[in-house]
Amino acid sequence: MKLRMFLGDHLVSIALYITAFASILLLLSLFRVHFLLLGIIAGTGLFFGCGILFYEFFRRHHYYHQLFLTLDQLDQKYLIHELVPPPSFLDGKICHQVVYEADKAMNEKILSYQEAMEEFKDFIELWVHEVKLPIAAGQLILHNNPGTVNKKLREQFQRVEDDVEQVLYYARSENSEKDYLIKRCSLDELVQNVIRRNKDALLYGGVAIQFETSRTCVYTDSKWMEFIINQIMNNAIQYCQKGEGKIRIWVEEESTITNLKIADNGVGIAEAELPRVFEKSFTGSNGRMQKASTGMGLYLCEQLCNKLGHRITLTSQLGKGTVVSIAFQKDSFFQVLDDTKKGKMDDGSIES
């Protein structure tokens, strides 16, 4: 609050005060009060009037300065009422109470939305669990009755199962930390599980897999990482030309990072669209040609990688293909723990 603004807001009150005091001095002069006494009265009135005005200004200035200073430092602005004490002046107390009532109403509304969202998530998880049962039954029936048509149906069933799983992981993505377990996992095993899962889609699409085993282990959650790799592989299969597709998977080691690389020779991505590939619901020009594209796969991959402590990047050239890289940090602390545990087991001091 600036003094000029405060005086402007109290301009009418100041004018009335000056008019009233001038009237009193005029009346006193009519009663032939001595000029010196009139001067003392005028000076006293001016002194106390200015004192009251500046007192009101400074206590408001101090309060509002603290209010906005605290507000600027807050990430969650709605907590301002809890951190700033009520002021000593009446109009400030009224505003403070208004903010309290508005904050209370907002919190109650947010709580009701959170409860509704939790109920919806519970319903989604129950629905996914229920719908997986007929999908699994259909896949089993097709597996027991082999045929050319059945292979195509199995591939479509797998796509349905992947889409259903994507819904489940999206519903859980905001609270994924409650559902993952970080442990030492074999990258070869994770990739092989995903390849087996997509074998029908790979055969139907005529996509060749070149997987270079590395015997590399990383610290991650196996279930979530398989989902991430599966999303990347689904994109690669989807955008590879039928009968000519090729996916290469390999590992590159750096001093502190292990990189899992997944490359395809598909249609690629335009350079202008690369900064947006991890945005929610972004499909790009390729997605508009593929009606089944939702733009959620890479978005979920980035969200889950961030929560697991990994980093996912993507490079691509239009018409030449795409390379997706997942970077795993090497943790020497966990490595020492594993080596120590193995050493103790070899000495017989710890039972397996």
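What you are looking at is a predicted structure, and each value in this text was computed from that prediction instead of being measured.

### A word on the nonpolar core
The biggest cluster of nonpolar side chains holds 42 residues, and the ones touching the most others in it are I228, I247, L260 and I326. Every element with two or more residues in this core is listed here: α7 (187–197), α8 (199–205), α9 (222–239), β4 (246–253), β5 (257–264), α11 (297–308), β6 (311–317) and β7 (321–329). Ranked by residue count, the leading element in this core is α9, at nine residues. The residues contacting I228, other than those within four sequence positions of it, are C301, L304, C305, L308 and I326. By size, the runner-up hydrophobic cluster in this structure holds seven residues, among which are Y64, L67, I80 and V84.

### Some remarks on the packing of aromatic side chains
Counted according to the given criterion, the structure contains six aromatic pairs. Taking the centre distance of 5.9 Å and the plane angle of 55° together, the rings of Y64 and F89 count as tilted. In this pair, Y64 is assigned in helix α3 (residues 35–73) and F89 in the loop between α4 (80–83) and α5 (90–144), connecting sequence segments 25 residues apart. Residues Y64 and F89 agree in their burial class; the two are buried. Put simply, the rings of F54, F57 and F58 pair up and form one aromatic cluster. Lying across the ring of F89, R60 places its NZ or CZ 4.5 Å from the centre. Residue placement shows R248 over the ring face of W250; its charged tip is 3.8 Å from the ring centre.

### Description of the side chain of N259
Examined against the element boundaries, N259 turns out to sit in strand β5. Residue class for N259 comes out buried when judged on its relative accessible area of 5%. Side chain to side chain, N259 and E254 meet in a polar contact 2.9 Å long. Every residue in contact with N259, bar those within four places of it in the chain, is listed here: W250, V251, E252, E254, S325, I326 and A327.

### Focus: the sheet that holds β5
Pairing is mixed in the open sheet, where five strands are placed in the order β2-β4-β5-β7-β6. At either margin of the open sheet sits one strand with a lone partner, and together these are β2 (208–211) and β6. Neighbour to neighbour, the strand axes of the sheet diverge by 15° on average, direction disregarded. As judged from the seven bridges shared by β4 and β5, these two strands associate in the antiparallel manner. Of the residues in β5, the one forming a bridge with I247 is D264. Where α7 meets the sheet, it contacts β2, β4, β5 and β7, and its direction lies at approximately 175° from that of β2. Strands in contact with α9 are β2, β4, β5, β6 and β7; relative to β7, the strand with the most contacts, it is inclined by about 170°.

About the cut-offs
Residues numbered from 1 in each chain as written. Predicted model: local features only at pLDDT ≥ 70, side-chain atom pairs only at ≥ 80, totals over all residues. Heavy atoms only, no water. Core = buried A, V, L, I, M, F, W, Y, C linked by side-chain atoms within 4.5 Å. Buried < 20%, exposed > 50% of the residue type's maximum accessible area, 1.4 Å probe, protein only. Helix = DSSP H or I, 4+ residues; strand = E, 2+ residues; numbered from the N terminus. Contact = heavy atoms within 4.5 Å. Phe/Tyr/Trp six-rings, centres within 6.5 Å; stacked < 30°, edge-to-face > 60°. Lys NZ or Arg CZ within 6 Å of the ring centre and 35° of its normal. Polar contact = N/O pair within 3.5 Å; in protein donor to acceptor, adjacent residues only side chain to side chain. Pairing = 2+ DSSP bridges. Axes fitted to C-alpha atoms, helices over the stretch in contact; angles between N-to-C directions.

Geometric values such as these leave the question of function open.
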